[in-house]
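Spelled out, the chains give:
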Amino acid sequence: MADKPTIAFVETSLTDGSFEADLAKEIMSIVGDRAEAITIDYEDLPLAGEAPEYPLPEAALAVRDKLGNADAVWVVVSEYKKTIPDSLRNLFDWLSLPSTKDEEGENVLNQKPVAIFGVGGFEELHPRIMVGDLLEDAGMRLFPVEVGLSVPAEAVQTGDWAMTSADQEALRTQAEGFLTFISENKVK
């Protein structure tokens, strides 16, 4: 890891302007120049099968390399039909396949620090738990402070939501803690 870490942001919504995309931008703004922020675009990632195609699809290699070169990952999740989006599960399925391991045969996510931030209904408890299980199964080091923000029903209807000062403070607190966690849990 260089002087400042690279954090890869993964949003469960692949739609620009979603609550997750807006929150990821807010997090990146709070982190500022203390880390390099990259976004992971996995929209073109094909479904992972039991016998993935060889050679691996370019989209799978690109995502593997981008996440493999990051020092940490931050997942911004929202609930999708009381679960997590299949596209997110597919992303981590690809990264757990033997064929997507690095040159040394390691999972590129192994021991990589990861933070989870939820947005939506009841502070996104269930999706954060599901994502946490998924990331632990991938061998990642979960940052123990998860934050979930409730979006008022009227904001869900209109798509117009402004965070409260308490929401922003929770986000700042998580960002500060995660930056420390990254520095204390460098992947060897």
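Per chain, residue numbering runs from 1 following the sequence as it is written. At least 70 in pLDDT is required for a residue's local features to be given in this predicted model, at least 80 for side-chain atom pairs to be given and counted, and no such filter applies to totals for whole chains, interfaces and linings, which use all residues. To get the side-chain values, take all heavy atoms of the structure and skip hydrogens and water.

A.B. asks: So what about the overall build of the protein chain? Which residues, and what values?
C.D. replies: Helix and strand content of the protein chain: 6 helices and 6 strands. Put simply, DSSP H or I for four residues or longer makes a helix, DSSP E for two residues or longer makes a strand, and each gets a number counted from the N terminus. Across the protein chain, helices and strands are ordered from the amino to the carboxyl terminus as β-α-β-α-β-α-β-α-β-β-α-α. Burial analysis of the protein chain (188 residues in total) assigns 47% to the buried set. Throughout, a residue-residue contact means that at least one pair of heavy atoms, one from each residue, lies within 4.5 Å. Counted over contacts in the protein chain with a minimum sequence separation of 6, partners at least 24 positions apart contribute 81%. Any residue under 20% of the maximum accessible area for its type is buried, any over 50% is exposed, and the rest in between are partly exposed; the area is computed with a 1.4 Å probe on protein chains only.

A.B. asks: Which residues make up the nonpolar core, and what values do they have?
C.D. replies: Residues belong to a common nonpolar core when they are buried Ala, Val, Leu, Ile, Met, Phe, Trp, Tyr or Cys residues joined through side-chain atoms within 4.5 Å. In this structure, Val10, Leu67, Val75, Leu88, Leu91 and Phe92 are the most contacted members of the largest nonpolar core, which totals 30 residues. No other element matches helix H3 (residues 86–96), which puts 5 residues into this core. Those residues in contact with Val10 that sit more than four places away from it in its chain are Ile40, Tyr42, Leu67, Val73, Trp74, Val75, Val76, Leu88 and Leu91. Counting 28 residues, the second largest nonpolar core, distinct from the first, contains Ile7, Phe143, Leu149 and Ala155.

A.B. asks: Would you mind going over the pairing of strand E4 (residues 113–120) in detail, with residue names and values included?
C.D. replies: Judged by how many residues are buried, E4 sits mostly within the fold: 8 of 8 residues are covered. Side chains of E4 alternate between two faces, with Pro113, Ala115, Phe117 and Val119 and Val114, Ile116, Gly118 and Gly120 buried alike. Strand pairing requires that DSSP identify at least two bridges connecting the strands. Pairing between E4 and strand E5 (residues 141–142): 2 bridges, direction parallel. Among the inter-strand pairings, Pro113 is bridged to a residue of E5, identified as Arg141. Pairing analysis gives 4 bridges linking E4 to strand E6 (residues 147–150), with the strands arranged parallel. Paired with Val119 across the bridge in E6 is Leu149.

A.B. asks: Account for the side chain of Thr6, with residues named and values stated.
C.D. replies: By the secondary structure assignment, Thr6 is in strand E1 (residues 6–11). Ignoring sequence-local partners within four residues, the contact set of Thr6 consists of Glu36, Ile38, Ala70, Asp71 and Ala72.

A.B. asks: So, the layout of surface pockets: which residues are in play, and what are the values?
C.D. replies: Space inside the second largest pocket adds up to approximately 260 Å³. The definitions used throughout rest on a 1 Å grid laid over the protein atoms alone, on which a cavity is an enclosed set of points accommodating a 1.4 Å probe that cannot get out and a pocket is an open set flanked by protein within 12 Å on both sides along at least five of seven lines; lining residues are those having an atom within 4 Å of a point. Glu11, Ser13, Leu14, Asp16 and Thr39 are the residues nearest the centre of the second largest pocket, which is lined by 16 residues in total. Among the secondary structure elements, those contributing two or more residues to the lining of the second largest pocket are E1 and helix H1 (19–31). Amino acid classes used here: Ala, Val, Leu, Ile, Met, Phe, Trp, Tyr, Cys and Pro are nonpolar; Asp, Glu, Lys and Arg are charged; the rest, including Gly, are polar. Classifying every residue of the lining of the second largest pocket gives 8 nonpolar, 3 polar and 5 charged. Grid points are joined across faces, edges and corners, and a volume is the space filled by probe spheres set on the points.

A.B. asks: Report on the packing of H1 against helix H6 (residues 165–184), specifying residues and quantitative values.
C.D. replies: Lines fitted to the C-alpha atoms define the axes, with helices restricted to the stretch that makes contact. Angles between their N-to-C directions range from 0 to 180 degrees. Orientation of H1 relative to H6, taken along the N-to-C sense of each, is 60°, at an axis distance of 10 Å. Taken as axis vectors, H1 and H6 run oblique relative to one another. Our pair here, H1 against H6, has a crossing hand that is right-handed. Facing H1, whose interface residues are Leu23, Glu26, Ile27, Ile30 and Val31, H6 presents Gln168, Leu171, Arg172, Ala175 and Leu179. Taken together, the residues of the contact of H1 with H6 sort by class into 7 nonpolar, 1 polar and 2 charged. The labels follow the angle: roughly parallel below 35 degrees, roughly antiparallel above 145, roughly perpendicular from 65 to 115, and oblique for the rest. Each crossing gets its handedness from the near helix: less than a right angle anticlockwise from the far helix is left-handed, clockwise is right-handed.

A.B. asks: Requested: an account of the packing of aromatic side chains, with residues and values cited.
C.D. replies: In this analysis, rings of Phe, Tyr and Trp, with Trp reduced to its six-membered ring, are considered paired at centre separations within 6.5 Å, and the interplanar angle assigns stacked below 30 degrees, edge-to-face beyond 60, and tilted for intermediate values. Counting across every chain of the model gives 6 aromatic pairs. Consider the rings of Phe9 and Trp74, whose centres lie 5.8 Å apart with planes at 15°: the pair is stacked. Here Phe9 is found in strand E1, whereas its partner Trp74 is found in strand E3 (residues 72–78), with 65 residues between them in sequence. Take Phe9 and Trp74: they sit in the same class, and that class is buried. Between Trp74 and Phe178 the ring centres are 5.2 Å apart and the planes differ by 75°, which places this aromatic pair in the edge-to-face class. Of this pair, Trp74 sits in strand E3 while Phe178 sits in helix H6, and the two are 104 residues apart along the sequence.

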